[in-house]
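One-letter residues, chain by chain:
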Amino acid sequence: MGIAYMMQKMKLLIVILTILAAVGAFACPPADFAITDIKLGPEGFLEIHIANRSAEIHEPANKENEKTFLTITIEDVRRAEYKLKYMPLHLFQPLGKVTWKTNFRLGWSVRVHAQVKLPPLIPETRIEDNRLTKGLHPHAR
């Protein structure tokens with residue numbers, strides 16, 4: 001009777017742990033990253049403004065950090081991809097905002113496209129504001 005009792009306890013424990021894991025996986029709040037602006041900073045370098053529009057903390061898992069990118073395209077040529085893990089942590093706080101400064105200095109008018117690319121495993125509230133295309137004109141010197 002001792003072994004059968006322990007087997008029942010183990011089965012019950014496995015069921016409870018499975019339920020807790022499923023609840024934990026689905027309880028993670030969806031990300032809501034948005035590109036809010038693309039502009040040239042005071043020194044003429046390209047800046048991408050990103051916001052977390054979620055009112056809850058979104059703590060990225062290691063898989064998310066490795067598979068989520070900020071992609072920058074200038075005149076239809078992909079120029080850079082930055083992994084999410086390099087973004088400042090306050091972006092993941094409720095309503096967090098970040099200005100990502102690049103090393104691209106523009107000398108003429110161009111069309112810039114920025115997009116936060118999320119892997120399919122991350123639920124996203126609104127995917128339409130993950131991208132923004134904007135024509136930029138360099139500062140007068």
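Definitions and cut-offs
- Residues numbered from 1 in each chain as written.
- Predicted model: local features only at pLDDT ≥ 70, side-chain atom pairs only at ≥ 80, totals over all residues.
- Heavy atoms only, no water.
- Core = buried A, V, L, I, M, F, W, Y, C linked by side-chain atoms within 4.5 Å.
- Buried < 20%, exposed > 50% of the residue type's maximum accessible area, 1.4 Å probe, protein only.
- Helix = DSSP H or I, 4+ residues; strand = E, 2+ residues; numbered from the N terminus.
- Contact = heavy atoms within 4.5 Å.
- Pairing = 2+ DSSP bridges.
- Axes fitted to C-alpha atoms, helices over the stretch in contact; angles between N-to-C directions.

1. Topic: the nonpolar core
Across soluble globular proteins, nonpolar side chains show a tendency to be buried alongside one another.
Here is step 1: Among the nonpolar cores identified, the biggest contains 25 residues, and L46, I48, I50, L70 and V112 are the most heavily contacted of them.
Here is step 2: Contributions of two or more residues to this core are made by β1 (33-40), β2 (45-52), β3 (69-74), β4 (77-83), β5 (97-105) and β6 (110-117).
Here is step 3: In contact with L46, other than residues within four places in its own chain, are I38, K39, L40, I72, I74, W100, K101, T102, F104, L106, V112 and L136.

2. A look at the sheet that holds β4
Here is step 1: Pairing is antiparallel in the open sheet, where four strands are placed in the order β4-β3-β6-β7. If you trace the sheet from one side to the other, it starts and ends with β4 and β7 (131-136), each paired once. Direction aside, neighbouring strands of the sheet carry axes that sit 15° apart on average.

3. Some thoughts on the sheet that holds β1
Here is step 1: Taking strand neighbours across the sheet as the criterion, the three strands line up as β1-β2-β5 in an open arrangement whose pairing is antiparallel. Only two strands of the sheet have a single neighbouring strand rather than two, namely β1 and β5. Recorded for the sheet is a direction-independent mean angle of 20° between the axes of neighbouring strands.

4. What to know about unusual backbone geometry
Peptide bonds are trans in most cases, and residues, glycine excluded, mostly fall at negative phi.
Here is step 1: One non-glycine residue, D76, lies in the positive phi region at around 65°.
Here is step 2: Take D76: it is sitting in the loop between β3 and β4.
Here is step 3: For D76, a relative accessible area of 60% puts it in the exposed group.
Here is step 4: For L95, which is not glycine, the phi dihedral falls at a positive 55°.
Here is step 5: You can call L95 exposed: its relative accessible area is 56%.

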